[in-house]
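What follows is the residue order along each chain.
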Amino acid sequence: MTAVAPLALPAAFQPSNVDYLAILPLLIVFGAALVGVLVEAFAPRERRHVIQVGLAVVGLLGAAVAIIPAAGHQGVTMGLADGSTNRQMFALAVDGPALFMQGTIVLMGVLGILTMAERFGGTGPDAFTPSGASTPGSANETAAARAGALTSEVFPLTMFAIFGMMLFPTTNDLIGMFVALEVLSLPLYILSGLARRRRLLSQEASLKYFLLGAFSSAFFLFGTALLYGYAGSVYFGDLSRAIASGPLAMNGLLLPGAFLVFVGLLFKVGAVPFHAWTPDVYQGAPTPVTGFMAACTKAAAFGAILRLAYVGLDTGRWEWTNALVLVALLTMVVGAVLSVTQTDMKRLLAYSSIAHAGFILVGVLAFDRKAIGAVLFYLVAYGFATIAAFAIVSLVRQNGAEATHLSQWAGLGKRYPVVAGAFAFLMLAFAGIPLTSGFVSKFAVFSAAVGTGGATGTVLAVVGVVCSAITVFVYARVIVLMFFSDAPDDAVEVVTPSVSTTFSIAIGTLVTLALGVLPSALLDLADRASQFVR
Amino acid sequence: MGTLVQTLASSPSALSTYAAGFATHEGEAHAATGVTAYAWLLVALPLLGAAVLLVGGRRTDKFGPVLATALSWGAFVVGALVFLAMLGRGPEDRAVGIDLFDWVAAGAFKVSAGLLVDQLSMTFVLLITFVGSLIHVYSLGYMEHDPDKRRFFAYLNLFVAAMLLLVLANSYLLLYVGWEGVGLASYLLIGFWNWNPAYATAANKAFVANRVGDFGLSIAIMVMFFHFGAVDFATVLGEAGTNANQGFMTAIGLMLLLGACGKSAQFPLQSWLGDAMAGPTPVSALIHAATMVTAGVYLVVRSAPIFEAAPTAQLVVVIVGAITLLFGAIVGCAKDDIKKALAASTMSQIGYMMLAAGLGPVGYAFAIFHLLTHGFFKAGMFLGAGSVMHGMNDQVDMRRFGGLSGAMKITWATFALGWLAILGVPPFSGFWSKDKIIEAAFIGEGWRPWVFGLATLIGAGITAFYMSRLFFMTFHGKKRWTDDVHPHESGKLMTVPMMVLALGSAFLGLIIGPTGLFTSWLEPVTGAEPEGAHPVIPVPVLMALTLVLVAGGAAFAWLRYWRDEVAVTAPAGNLLTQAARKDLYQDQVNEALLMRPGIHLTRSLVFADGKGVDGAAGGLAALVGGTSSRLRKLQNGFARSYALTMLAGVVAILGALWVIS
């Protein structure tokens, strides 16, 4: 029989003491999201947009500040205490990695919100449609517009997504993790379908994301069931202990269970072969949502992967590591190779994000505390650069619509040197050129891999370096296109953004530069935050 | 102690390198004091210039170029002061490390950004700042009427800063930063006149070739970190010189060489240099002749202990050098574009340096010595070519020159000194450096001295031919000018730097070569020249042979390009000439071997992405045939097949693991 008794809720269970300070950041974001729903219902129409943006930003900044006291209250909190065994069911693990990820997500969330708030000076033409289910120009849409439907509900939706993302790396059991996964996913499915222009593409993206997301959730749940069958518990601490002392006879459940749970998480980061949705959804979703999704979802899901790999299934590593190594190799190679011939900027960035997911996995698979720090750093570096990059993509337009085909970007550097220069810099960061955050983060994960990952780690790192060398050509091509090619006659224009988008582009770019030149402070912080509670 | 003596006996230069150059980093020896502590200004001054000019924008149009030039001279002054301070110390105390800040501290991986001021890096610092500043001055004249000259000077300053960082870095990682920086400046300057699509393509080509090289360097750094757990010179070179796994050293050495080949336009990554001549001429002189392209030689010499621990890698260095020196020389014979002929010559001369660097301790000092003299005479000749172009309405076809010696006396005289120097005519600079490389190439046992020695010897003969051809076609013989040109001498701003460089071409070698000043100066870093190593042919015979070949080459050129009439359009020529005109078909080879398979591969793979193919699909169907149609189904936009992919992926991976366990 397994080491831990199967879970049956006896009357002896009672809610444990909740450390409210520890979960304050989560509560603030959740509260702000709920208030956002009320605002949507009661605030006057003309001021709703401003109120929603303000509320979201204040909520997120408040959460960011609340992380400081929370850091002093680390530990497992909330959930049900089992009087007899001193276990805590459905608890939240507020520890270094969780808080670091929460901080990262809320700060990147601020930039995401600010980009979504872009209205180009007017009140109408933002990136979203007030009625996502309609076809452009249809009677439905006209009716919705006449009825005064607004697009400000994207802000509470985003806040719910952020809440789910913060919860994701904080949950300490499989069921909680599943709940967080759904909380973050459902708003994203909706947001993906709300593009004002190229609506059909957007709706298709939303539907695909939803269907495949549901499919991957099924994998996650099936894996959870298998692991529960193996360990008799879904709590990470129990899983770890059960694997350490468990009977070999049950191993038939462990490997598929572990891998299927990972599949659910790997889907979210766009790892191959669970990546197929990424290019389509990145392309179809409204660009500010794509940027937000690319940065924050990836951070949250990798936080969850780290916890699962280092806390829940750490003792069974030898069982599932090979599967993840395979996935990491595939992800890097497919992401890098397919990015080479992309002709659409958003799809290019999508494949780039797939390749980056592979690089981050290399760090995860180093199985070392240092590697956790490297992965955390990578997520920050990649996230800020990505939000800024997608924000710039949303500014390059032709006849009012976003010009995402690469050929439309030709000669951009000659006419808009500042914007193109910033974009080129971000490309260099994705490529991992020194003095950008991309270089330091790649070096951190790869050196962690060769340092502690053994022979496997070395192979992964070498493949990673080769793949990042391949992707350099992709980014170089964009730079060359912008600066060395002639602009076509029907040239695109860079629309002048409002303060909010300018701010997020500037911050994203500056963080990318700062982390490249003086990375030590954040590396140090990530390193200190790399201890999980169990 | 016993082992130490043994190691010392078996590898004297490696250990002395370690002892002299890097013990300083152990912390007990030399902290930077006095002016040396301000060596960071070398990088900071030009970087400041670039920042002011780029950020300041049009407001700095007026004073920007002068400011940039002043800052470049400022860097030279700092360099000279540091150099004087270094001379004031004993030879063993000259290397100084300067820690700047902790750059990366990712767990076990710690890199502090710091500078290593030693004899080798100071040699480069003086060359870069002096020649660089002269070229800044020259550019004030050359770029006078260019509307964008502020941007030009900003890039030039950026280049100087990056190049100084490259040679002063105390770790491979920081060197890599400078390495990328000079690459960036180089692309920006090659494509400076990017209104011309051909020039933009040239920048593109340089970018790609350099990326291949940089990829090698980054792999080398990764392997280094894996093997030594560090990437700073002190640790890596120290341990490479004492106890290192030869397999790893070979891997690192070959990857470093790949990096060097990309940056220094060595075979097989040489194709970009000729096209890089699209940049303004001062750029060609500074970046693509005197400094950046020699960074590969610096890298190999700096990494000497690694190469000494890896004889195979060392041999490959020599082979690459030998191939490139002949390759460049042959190509140089057929080029009618004055700048491209000079570029081929640069390639060939760097081949000499690379070959010398691969020879080990007998060659290091001469590789750097030739690099130094070459920096003067080649930069001088490029500036001369720029001056000619200035007088000839920016024409570059030598078949349309001829008889310019009368119209441009100063240019002619300075160019003549450079010409004599590169031919290796005593007592001009090139003689002292190139002749030594030829001698060193003839040292050794077995087949090597004969093959490599003969390569250098034949190379010298061909060099004499093509450089004389260039010189005679431009300055002598009949005037073959187009009707609208009125050649005139350039202004003082341009001629004075040419004169200074010509003086260097004439006397620099004589001053520091035969006197032994240079070799003894570099000895603590590169190790002593081994005693008792003699060329397989006696030195006087070798010297006579070289001079005869050089004289023969020059005489042949005189017959054909001075005495005889030169056709204004290129004659058909024999097969070799035709091949040489096309750079020995290197572009075609690259295309056939690398580009086409690469394009096919990526295009057939991209069929896996239905939306990515766009217009490319039509023409490609024929190429990739049936395979693609199966692959493209993978990303066809249908959610159902995506779901199937996921399911198949899960099943496949689980199945694979099942089979393994």
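Explain the overall build of chain B to me, and be specific about the residues and the numbers.
Of the regular secondary structure elements, chain B holds 27 helices and two strands. Taken over 661 residues, chain B has a buried fraction of 59%. Relative to all contacts within chain B whose residues are 6 or more apart in sequence, the contacts with residues 24 or more apart total 81%. Taken as a whole, chain B presents about 23,800 Å² of accessible surface, with 68% of it coming from carbon and sulfur.

So what's going on with the packing of helix 11 (residues 287-312) of chain A against helix 14 (residues 369-393) of chain A? Residues and values would help.
Pairs of packed helices are described in terms of their axes, by the angle between the two and the distance that separates them. All names here are of chain A. Look at helix 11 against helix 14: their axes get within 7 Å of each other, and the N-to-C directions meet at 170°. The pairing of helix 11 with helix 14 is recorded here as roughly antiparallel in orientation. Contact residues: Thr287, Thr290, Gly291, Ala294, Ala295, Lys298, Ala299, Phe302, Leu306 and Tyr310 in helix 11; Ala371, Ile372, Val375, Leu376, Leu379, Tyr382, Gly383, Thr386, Ile387, Phe390 and Val393 in helix 14. Among the residues forming the contact of helix 11 with helix 14, the class breakdown is 15 nonpolar, five polar and one charged.

Outline the sheet that holds strand 6 (residues 396-398) of chain A, supporting the account with residue identities and numerical values.
Reading across from one edge, 7-6-8 (chain A) is the order of the three strands in this open sheet, with antiparallel pairing throughout. Here the strands that pair on one side only, and so sit at the sheet edges, are strand 7 (401-402) and strand 8 (493-494) of chain A.

Summarise the pattern of salt bridges; cite the residues concerned and give the values.
Residue and element names in this part refer to chain B. Using the criterion set out here, one finds 14 salt bridges over all chains in the structure. Residue arginine 399 pairs with aspartate 336 through a salt bridge whose shortest N-O separation is 2.8 Å. Taken together, the residues span a long stretch of sequence, with arginine 399 in the loop between helix 17 (361-391) and helix 18 (409-423) and aspartate 336 in the loop between helix 15 (311-334) and helix 16 (338-358) at a distance of 63 residues. One exposure class covers both arginine 399 and aspartate 336, and it is buried. A salt bridge links glutamate 439 to lysine 436; the shortest N-O distance between them is 3.9 Å. Residue glutamate 439 and its partner lysine 436 are both found in helix 19 (residues 429-441); the two are separated by three residues, about one turn of the helix.

Any details on the confidence of the model for chain B? Residues and values, ideally.
Residues and elements named next belong to chain B. The predicted model of chain B has a mean per-residue pLDDT of 79, with 83% of residues at 70 or higher. Of all the helices and strands in chain B, helix 26 (residues 616-632) carries the lowest mean pLDDT, 37, while helix 13 (residues 295-302) carries the highest, 91. This model gives residues 1-29 a pLDDT under 50, and the stretch forms 44 contacts once residues within four places in sequence are excluded. Every residue in residues 604-632 scores below 50 in pLDDT, and together they form 41 contacts with partners more than four places removed in sequence or on other chains. Two summary scores accompany this predicted model of the complex, namely pTM at 0.77 and ipTM at 0.86.

Give me the packing of aromatic side chains: which residues, what numbers.
Here the distance between the centres and the angle between the planes together describe a pair of aromatic rings. Residues and elements named next belong to chain A. Overall, the coordinates contain 41 aromatic pairs over all chains when judged by the stated rule. A centroid spacing of 5.0 Å and a plane angle of 70° characterise the contact between phenylalanine 215 and phenylalanine 219, whose relative ring orientation is edge-to-face. Here the residue phenylalanine 215 and the residue phenylalanine 219 both occupy positions in helix 7 (residues 199-231), the gap between them amounting to four residues, near one helical turn. Among the residues examined, phenylalanine 219 registers a relative accessible area of 9% and is labelled buried. By way of ring pairs, the aromatic residues Tyr189, Tyr209, Phe210, Phe267, Trp277, Tyr282 and Phe390 are connected into one cluster. A cation over a ring is seen here: arginine 317 above phenylalanine 367, with NZ or CZ 4.1 Å from the ring centre.

Talk me through the side chain of serine 500 of chain A; I want residue IDs and the actual numbers.
Residues and elements named next belong to chain A. The topology assignment puts serine 500 in helix 19 (residues 499-517). The exposure class assigned to serine 500 is buried, which follows from its relative accessible area of 16%. Once you skip the residues sitting within four places of it in the chain, serine 500 turns out to touch Leu114, Ala117 and Glu118.

Residues and numbers for the interface of chain A and chain B, please.
Of the residues lining the interface, 65 residues belong to chain A; the matching set on chain B comes to 52 residues. Carbon and sulfur atoms make up 77% of the area that chain A and chain B hide from each other, which totals about 5,000 Å². For the pair chain A and chain B, the number of links is zero salt bridges. Applying the counting criterion to the chain A and chain B interface returns one residue pair in polar contact (both at pLDDT 80 or more).

Give a description of a nonpolar patch on the surface that names residues and reports values.
On the surface, Leu518 of chain A together with Tyr38, Trp40, Leu100 and Phe101 of chain B cluster together into a nonpolar patch covering about 510 Å² of accessible area. Mapped onto the secondary structure, tryptophan 40 of chain B falls in the loop between helix 2 (12-22) and helix 3 (41-56).

Residues and numbers for the nonpolar core, please.
Generally speaking, nonpolar side chains in soluble globular proteins are found buried as a group. In this structure, Phe168, Phe259, Leu266 and Phe423 of chain A together with Tyr172, Leu256 and Ile306 of chain B are the most contacted members of the largest nonpolar core, which totals 395 residues. Residue contributions to this core peak at 20 residues, all from helix 14 of chain A.

Give a description of unusual backbone geometry that names residues and reports values.
Cis rather than trans, the peptide bond between valine 272 of chain A and proline 273 of chain A has omega equal to 5°. Relative to the helices and strands, proline 273 of chain A resides in the loop between helix 9 (251-269) and helix 10 (277-284). The omega torsion across proline 426 of chain B and proline 427 of chain B is 5°, close enough to zero to call that bond cis. Looking at the element boundaries, proline 427 of chain B is found in the loop between helix 18 and helix 19. The phi dihedral of arginine 198 of chain A falls on the positive side, at around 50°, and the residue is not glycine. Among the secondary structure elements, arginine 198 of chain A is positioned in the loop between helix 6 (174-192) and helix 7.

So what about the packing of helix 8 (residues 236-245) of chain A against helix 11 of chain A? Which residues, and what values?
Residue and element names in this part refer to chain A. For the pair helix 8 and helix 11, the least separation of the axes is 9 Å and the interaxial angle reads 45°. Judged by the inter-axis angle, helix 8 sits oblique to helix 11. Every residue of helix 11 that contacts helix 8 at Phe236, Leu239, Ser240 and Ile243 is listed here: Arg307, Leu308, Val311 and Gly312. The residue makeup of the contact of helix 8 with helix 11, split by class, is five nonpolar, two polar and one charged.

Rules used throughout
Residues numbered from 1 in each chain as written. Chains lettered and ligands numbered in written order. Predicted model: local features only at pLDDT ≥ 70, side-chain atom pairs only at ≥ 80, totals over all residues. Heavy atoms only, no water. Helix = DSSP H or I, 4+ residues; strand = E, 2+ residues; numbered from the N terminus. Buried < 20%, exposed > 50% of the residue type's maximum accessible area, 1.4 Å probe, protein only. Contact = heavy atoms within 4.5 Å. Areas by Shrake-Rupley, 256 points an atom, 1.4 Å probe, with all protein chains shown as cover. Axes fitted to C-alpha atoms, helices over the stretch in contact; angles between N-to-C directions. Parallel < 35°, antiparallel > 145°, perpendicular 65-115°, else oblique. Nonpolar A, V, L, I, M, F, W, Y, C, P; charged D, E, K, R; others polar. Pairing = 2+ DSSP bridges. Salt bridge = Lys/Arg side-chain N within 4 Å of Asp/Glu carboxyl O. pLDDT = per-residue confidence, 0-100. Phe/Tyr/Trp six-rings, centres within 6.5 Å; stacked < 30°, edge-to-face > 60°. Lys NZ or Arg CZ within 6 Å of the ring centre and 35° of its normal. Buried area = accessible area lost by both parts, 1.4 Å probe. Polar contact = N/O pair within 3.5 Å; in protein donor to acceptor, adjacent residues only side chain to side chain. Patch = residues over 30% accessible without salt bridge, like charges linked within 9 Å, V, L, I, M, F, W, Y side chains within 5 Å. Core = buried A, V, L, I, M, F, W, Y, C linked by side-chain atoms within 4.5 Å.

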